[in-house]
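Observations on chain architecture
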Amino acid sequence: MPVVVVESPAKAKTINKYLGPGYTVLASYGHVRDLPPKDGSVDPDNGFDMKWEIGTDSRKHVKAIADALANDNVLILATDPDREGEAISWHLEEALRKRKAIKKDTPVSRVVFNAITKAAVTEAMANPRQVDAPLVEAYLARRALDYLVGFNLSPVLWRKLPGAKSAGRVQSVCLRLIVEREMEIEAFNPREYWSVKALLATPHGQEYEARLILLAGKKLDKFDLANATQAEMAVQAVSSRALSVTSVEAKPASRNPSAPFMTSTLQQEASRKFGMGARQTMSAAQRLYEAGHITYMRTDGIDMAPEAVTAARDAIAKRYGKEYVPASPRIYKNKAKNAQEAHECIRPTDMTRDAAALKISDRDQARLYDLIWKRTLACQMEGARLERTTVEIGSDDGQVGLRATGQVVLFDGFLRVYEEGRDDVEGDSENARLPQIAAGDAAPFAKSGLRAQFDKVDKSDDVLEDSVQGAARHDSAILSENAAVLGLQSHTQPPPRYTEATLVKRMEELGIGRPSTYASIVTTIQDREYVRKEGNRLIPEDKGRIVTIFLLNFFRQYVGYEFTANLEQELDHVSAGDADWKDILSRFWRDFSAAISETSELRISEVLDVLDEALAPTLYPPREDGTDPRICPLCGEGKLHLKTSKSGGFVGCGNYPECRYTRPIGTGAVDSGDRVLGEDQGDEISLRSGRFGPYVQRGEATEENKKPPRASLPRGWTPDAMDLEKALRLLSLPREVGAHPDDGELIEAGIGRYGPFVKHGKLYANLKEVDEVFTIGMNRAVEVLAQKLASRGAGRTAAAALKELGEHPAEGGPIRVMEGRYGPYIKWEKVNATLPKDTDPEAVTIEMAVELIAEKASKTGKGSKKKAPAKKTAAKKPAAKKPAAKKAQAEKKTAAKTTAAKKPAAKKSDATTKAADA
């Protein structure tokens with residue numbers, strides 16, 4: 001029987017079902033060999049010789065394949081159809097030949113299939129080939145480059161920048177994108193502008209909005225109304241005039257569907273629609289592929305197989321009608337830079353089956369399959385037909401002109417199935433539906449007015465926490481006397497921070513990375529603590545900034561966008577058989593090794609001086625009073641300098657240790673308002689900025705008192721509003737409320753990392769407002785603590801069942817349908833089984849419940865009351881020295897562990913793992 005090797009056991013199970021009993025299908029469980037994380041794994045002086053090691057976990061899998069080949073003398077390598085898959089096949093063949101598991105007469109072939117379906121697998125098996133040498137060489141070049149950069153550049157970072165963890169050929173370029181975007185945001189100067197709109201009515205009383213586009217006979221540009229005075233005059237000019245409709249123009253328009261998914265666009269859309277990260281998306285897609293539901297998920301191609309196009313068109317006609325099928329198939333060609341176009345787009349393997357038909361239980365997989373299925377069908381559907389209407393309104397004297405726009409969908413086409421998400425947020429006036437309007441109609445002001453919108457603007461201090469491309473923030477407003485004309489103040493917004501989706505999109509545009517690496521790169525820079533994720537946005541940490549500025553100053557070429565993209569292009573030429581991979585490595589290593597040697601000789605102080613100078617405009621902007629921005633605001637004598645620590649970079653006073661002033665390098669830290677607030681009991685109370693935000697401090701740090709009392713400013717407290725009284729209140733925390741009436745144990749109020757709280761023993765209860773910490777009394781504290789205790793379940797009565805189903809027919813015990821936090825579920829003993837989506841709890845039967853319980857119990861190992869039969873004790877054999885020695889060794893280990901537990905754990909070195917580039 002031929003031995004077929006795939007990458008995962010799930011894929012092996014599916015393929016085995018199609019091939020039948022005549023084949024032995026085994027899994028390699030991913031890569032079986034890699035470069036050991038130590039010096040010398042790639043030898044530039046010996047033709048870039050690479051030393052590979054079989055991973056500890058992979059040894060048993062390689063052995064299983066070798067054992068199978070002892071009986072079945074045919075090997076078929078069926079790993080994934082990309083560079084990584086080709087590399088795994090090559091590694092397997094090499095490893096098996098070294099073990100002499102592959103004999104001289106053993107036929108070895110390579111098969112690839114883009115989808116795990118019976119037809120695709122059967123066709124692949126009928127068309128075997130050999131391992132693609134150029135693809136393997138491209139992989140070897142990429143792996144060698146990543147190693148050479150990671151294991152030579154990372155140690156330079158460790159020595160020059162304490163706290164830096166690693167650098168990588170692609171990860172450092174990706175980090176640069178995020179850091180430079182943050183610097184753009186910090187350097188952005190918002191510009192004020194105003195817009196004016198009116199609420200008008202038709203002769204029949206229907207209302208519509210129109211915006212001012214003409215004032216004093218002149219067309220308005222975006223910044224023509226630059227302040228409130230000009231806006232107020234414009235509002236008055238509109239509200240004091242009679243208006244009429246001067247023209248109505250309706251134009252046909254159309255919208256065509258987006259192309260089918262490739263890896264990057266799937267990650268972007270899953271992020272927009274579901275908030276899924278790149279790794280989460282690829283994990284769900286991998287499982288869908290292995291189950292045979294979709295085609296291969298790592299691709300930068302958007303073309304679709306002719307038979308798939310035909311299947312999609314047939315499915316559209318059957319489900320939605322022939323009018324939704326265009327006269328000819330839609331053909332998509334990839335426009336992405338460096339596109340390999342090696343594979344099809346990501347599409348369902350069966351166009352007739354939607355997510356409901358597949359009955360996928362995993363939520364991520366179900367959502368992702370639904371997205372892929374809809375996008376694939378939509379890409380072969382008829383376009384949407386629209387009618388866009390523009391209404392021009394003016395005054396009799398021609399001094400004022402307004403415009404109303406709207407559109408109507410005449411035929412929904414692909415919009416019936418799917419509409420692509422957007423990264424930007426735009427006004428919806430273009431999509432509004434206008435009432436029946438005719439030229440010459442009077443356009444009186446609507447009686448309902450715009451006061452509701454005016455009131456909303458007045459309360460919108462936090463309309464936008466984070467800038468979004470295209471979003472307009474309205475900070476103030478002016479309303480006319482008749483309440484029908486509204487002036488809105490806006491400010492231009494900085495470019496938005498990257499999300500994982502927009503970052504992948506930008507990397508793709510620049511030609512950086514490949515579909516197989518996007519997810520791991522984005523994850524690596526977060527794991528290295530160079531970037532943090534807040535909401536859905538990526539924000540650079542101080543550590544990430546320092547690393548990026550260092551690389552830009554000492555290794556600028558190697559974090560250059562064009563250089564990285566060109567290198568990817570050269571690797572594409574290798575995979576096409578048009579370039580020699582060792583020539584590329586030689587050219588790269590010649591210049592890169594010289595840069596490493598040059599930088600290694602620099603002292604840390606020299607590096608910090610260069611970085612300090614490079615960051616000067618950000619760290620030390622001019623002060624309003626004209627004083628030297630580098631003079632310490634606390635002691636007034638020392639000069640500020642950039643410093644590094646394990647937690648990243650910060651600005652500190654050069655007069656250390658006499659002055660211990662520090663502040664972060666991030667935005668908002670420069671004008672932090674550090675100052676002395678007053679004195680209390682002979683101690684100076686000061687407001688300071690630290691690496692973790694503003695805080696108040698009592699006295700100064702001395703050799704005897706290295707950590708004077710400090711308290712961070714709680715959320716909502718700004719440095720500008722701080723005074724001596726507030727500082728003393730913070731420094732007095734935690735505050736004693738009194739003894740609990742039940743047990744006499746002390747109740748305290750304080751502010752922790754999760755906000756204000758009251759504490760009784762080990763029980764903590766959050767308070768809603770910070771001010772409550774200083775005022776809460778015993779009655780209120782006891783009440784809050786009791787509520788917290790009840791929410792944990794103490795003293796709480798059991799929830800009533802939605803439905804009683806009776807006793808378990810096989811093992812006894814009541815089965816109930818319960819209401820849970822995430823929806824209704826079946827409860828029996830210790831097993832909780834969630835009901836399938838859209839299942840009515842009242843419709844659940846005992847048979848259905850038992851089936852769900854069995855399925856859940858098989859996954860968790862809970863539920864069965866029956867004990868497993870006791871194992872038979874084997875007959876004792878005469879004692880041997882070896883077991884006795886093992887026992888003594890085990891006792892020795894136990895004693896050693898006990899001793900070690902009493903000592904602080906030694907910090908495990910991770911120098912080698914840090915250097916590896918994702």
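Residues numbered from 1 in each chain as written. Predicted model: local features only at pLDDT ≥ 70, side-chain atom pairs only at ≥ 80, totals over all residues. Heavy atoms only, no water.

Here we take up the overall build of the chain. Looking only at helices and strands, the chain features 26 helices and 33 strands. Burial status across the chain gives 47% buried among its 918 residues. Summarising the internal contacts of the chain: among those between residues at least 6 apart in sequence, 66% fall at separations of at least 24. Carbon together with sulfur atoms contributes 49% to the accessible area of the chain, which is approximately 48,200 Å² in total. (Helix = DSSP H or I, 4+ residues; strand = E, 2+ residues; numbered from the N terminus. Buried < 20%, exposed > 50% of the residue type's maximum accessible area, 1.4 Å probe, protein only. Contact = heavy atoms within 4.5 Å. Areas by Shrake-Rupley, 256 points an atom, 1.4 Å probe, with all protein chains shown as cover.)

With that out of the way, let us pick up helix α10 (residues 306-320). Two residues of an α-helix separated by three or four positions point the same way, owing to the 3.6 residues in each turn. Taking 1.5 Å of rise per residue, 15 residues should cover 21 Å, and α10 covers 21 Å from first to last C-alpha, within 8% of that figure. Looking at the buried residues of α10, the elements they touch are α12 (363-378). Following α10 by one or two positions, Gly-321 adopts a phi angle in the positive range, close to 110°. (Expected span 1.5 Å × (residues − 1).)

One open sheet accounts for 4 strands, arranged β22-β23-β24-β25; its pairing is antiparallel. Taken across any chain shown, the strands that pair with only one partner, and hence form the sheet edges, are β22 (675-680) and β25 (710-712). Neighbour to neighbour, the strand axes of the sheet diverge by 25° on average, direction disregarded. As defined by bridge partners, strand β23 (residues 683-690) adjoins strand β24 (residues 693-698) across 6 bridges and the pair is classed as antiparallel. Its bridge partner lying in β24, Gly-690 is registered against Gly-693. (Pairing = 2+ DSSP bridges. Axes fitted to C-alpha atoms, helices over the stretch in contact; angles between N-to-C directions.)

With that out of the way, let us pick up the packing of aromatic side chains. The final tally for this structure, using the stated rule, is 18 aromatic pairs. The rings of Phe-550, Phe-554, Phe-555, Tyr-558, Phe-563, Phe-588, Trp-589 and Phe-592 are connected pair by pair, giving a single aromatic cluster. Note that Lys-222 overlies the ring of Tyr-193, its terminal NZ or CZ placed 4.9 Å from the centroid. For the cation-ring pair, Lys-726 lies above Trp-717, with the distance from its terminal atom to the ring centre recorded as 5.5 Å. (Phe/Tyr/Trp six-rings, centres within 6.5 Å; stacked < 30°, edge-to-face > 60°. Lys NZ or Arg CZ within 6 Å of the ring centre and 35° of its normal.)

Okay, the pairing of strand β26 (residues 735-739) next. Of the strand pairs in this sheet, β26 and strand β27 (residues 746-752) are connected by 4 bridges, and their pairing is antiparallel. Opposite Glu-736, over in β27, you have Glu-748 as the bridge partner. Here β26 folds back onto β27 in antiparallel fashion, the turn holding 6 residues, of which Gly-744 has a positive phi close to 75°.

Time to look at the pattern of salt bridges. Counted under the stated rule, the structure contains 41 salt bridges. Measuring nitrogen to oxygen at the nearest pair gives 3.1 Å for the salt bridge that ties Asp-34 to Arg-143. A residue pair is termed long-range when its members are at least 10 positions apart, and Asp-34 in strand β3 (residues 33-34) and Arg-143 in helix α5 (residues 133-160) qualify at 109 residues. For Asp-34, a relative accessible area of 35% gives the class partly exposed. Across the salt bridge formed by Glu-804 and Arg-816, the nearest N and O atoms sit 2.9 Å from each other. Residue Glu-804 is found in strand β30 (residues 803-807), and its partner Arg-816 is found in strand β31 (residues 814-820); the two are separated by 12 residues along the sequence. Its relative accessible area of 32% is what places Arg-816 among the partly exposed residues. When salt bridges that share partners are traced, they join Arg-142, Asp-146, Arg-169 and Glu-568 into one network. (Salt bridge = Lys/Arg side-chain N within 4 Å of Asp/Glu carboxyl O.)

The subject of this paragraph is the packing of helix α16 (residues 542-554) against helix α19 (residues 604-614). At their nearest, the axes of α16 and α19 sit 10 Å apart, and the two run at 100° to each other. Between α16 and α19, the interaxial angle falls into the category roughly perpendicular. Here Ile-546, Ile-549, Phe-550, Asn-553 and Phe-554 of α16 come into contact with α19, specifically with Val-607, Val-610, Leu-611 and Ala-614. Looking at the contact of α16 with α19, its residues break down into 8 nonpolar, 1 polar and no charged. (Parallel < 35°, antiparallel > 145°, perpendicular 65-115°, else oblique. Nonpolar A, V, L, I, M, F, W, Y, C, P; charged D, E, K, R; others polar.)

This brings us to the confidence of the model for the chain. Confidence along the chain averages 84 in pLDDT terms, with 87% of residues attaining 70 or more. Predicted confidence for residues 336-341 stays below pLDDT 50, and this span has 23 contacts to residues more than four positions away or in other chains. Across residues 459-472, confidence stays below pLDDT 50; counting only partners more than four residues off in sequence or on other chains, it has 27 contacts. (pLDDT = per-residue confidence, 0-100.)

Attention shifts here to the nonpolar core. Of all hydrophobic cores here, the largest spans 82 residues; its most connected members are Leu-161, Leu-503, Met-507, Phe-550, Phe-555, Phe-592 and Leu-611. At 14 residues, α5 tops the list of elements feeding residues into this core. Sequence-distant contacts of Met-507, that is, excluding residues within four places in its chain, are made with Val-170, Cys-174, Leu-177, Ile-512, Tyr-518 and Ile-521. In this structure, Leu-288, Ile-294, Met-304 and Leu-386 belong to the second largest nonpolar core, which totals 65 residues. (Core = buried A, V, L, I, M, F, W, Y, C linked by side-chain atoms within 4.5 Å.)

Spatial ordering of the open sheet is given by β2-β1-β7-β8, a layout of 4 strands whose pairing is parallel. Pairing within the sheet leaves two strands with one partner each, and these edge strands are β2 (24-27) and β8 (108-110). Pairs of neighbouring strands in the sheet enclose a mean axial angle of 25°, with direction left out of account. Taken together, the 3 bridges between strand β1 (residues 3-6) and strand β7 (residues 75-77) define a ladder with parallel strand orientation. Among the inter-strand pairings, Val-4 is bridged to a residue of β7, identified as Ile-76.

What follows deals with the state of the cysteines. Within this structure, the stated rule accounts for 0 disulfides. With no disulfide partner, Cys-659 has as its closest neighbouring cysteine sulfur the one in Cys-632, 3.7 Å distant. (Disulfide = S-S within 2.5 Å.)

This brings us to the side chain of His-808. Relative to the helices and strands, His-808 resides in the loop between β30 and β31. Given the relative accessible area of 10%, His-808 is considered buried. In contact with His-808, not counting residues within four places along its chain, are Gly-813, Ile-815, Trp-828 and Val-850.

Turning next to the side chain of Thr-79. Assignment of secondary structure puts Thr-79 in the loop between β7 and α3 (83-98). Residue Thr-79 is classed as buried on the basis of its relative accessible area of 1%. Here Ser-89 takes part through its side chain, which lies 2.5 Å from a polar atom of the side chain of Thr-79. When sequence neighbours within four positions are dropped, the list of residues in contact with Thr-79 reads Val-5, Val-6, Glu-7, Lys-11, Gly-85, Glu-86, Ile-88, Ser-89, Arg-110 and Val-111. (Polar contact = N/O pair within 3.5 Å; in protein donor to acceptor, adjacent residues only side chain to side chain.)

Moving on to the packing of α5 against helix α18 (residues 581-600). As a packed pair, α5 and α18 sit with axes 11 Å apart at the nearest point and diverge in direction by 0°. Overall, the two elements α5 and α18 adopt an arrangement that is roughly parallel. Touching Glu-137, Leu-140, Ala-141, Ala-144, Leu-145, Leu-148, Val-149, Asn-152, Leu-153, Val-156, Arg-159 and Lys-160 of α5 are Trp-581, Leu-585, Phe-588, Trp-589, Phe-592, Ile-596, Thr-599 and Ser-600, all from α18.

Locating Pro-9 in the fold gives a position in helix α1 (residues 9-19). With 18 residues separating them along the chain, Pro-9 and Ala-27 place their C-alpha atoms 5.3 Å apart. Leave out the neighbours within four places in its chain, and Pro-9 touches Ala-27 and Tyr-29.

This paragraph deals with unusual backbone geometry. In this model, Leu-733 is joined to Pro-734 through a cis peptide bond whose omega is 0°. Position of Pro-734 among the secondary structure elements: in the loop between α21 (724-731) and β26. A positive phi angle, close to 55°, is found at Ala-216, a residue other than glycine. Following the sequence through the fold, Ala-216 ends up in the loop between β10 (207-215) and β11 (218-219). For Ala-216, a relative accessible area of 56% corresponds to the exposed category. Phi is positive for Ala-483, close to 65°, though the residue is something other than glycine. The topology assignment puts Ala-483 in the loop between β15 (473-479) and β16 (485-491).

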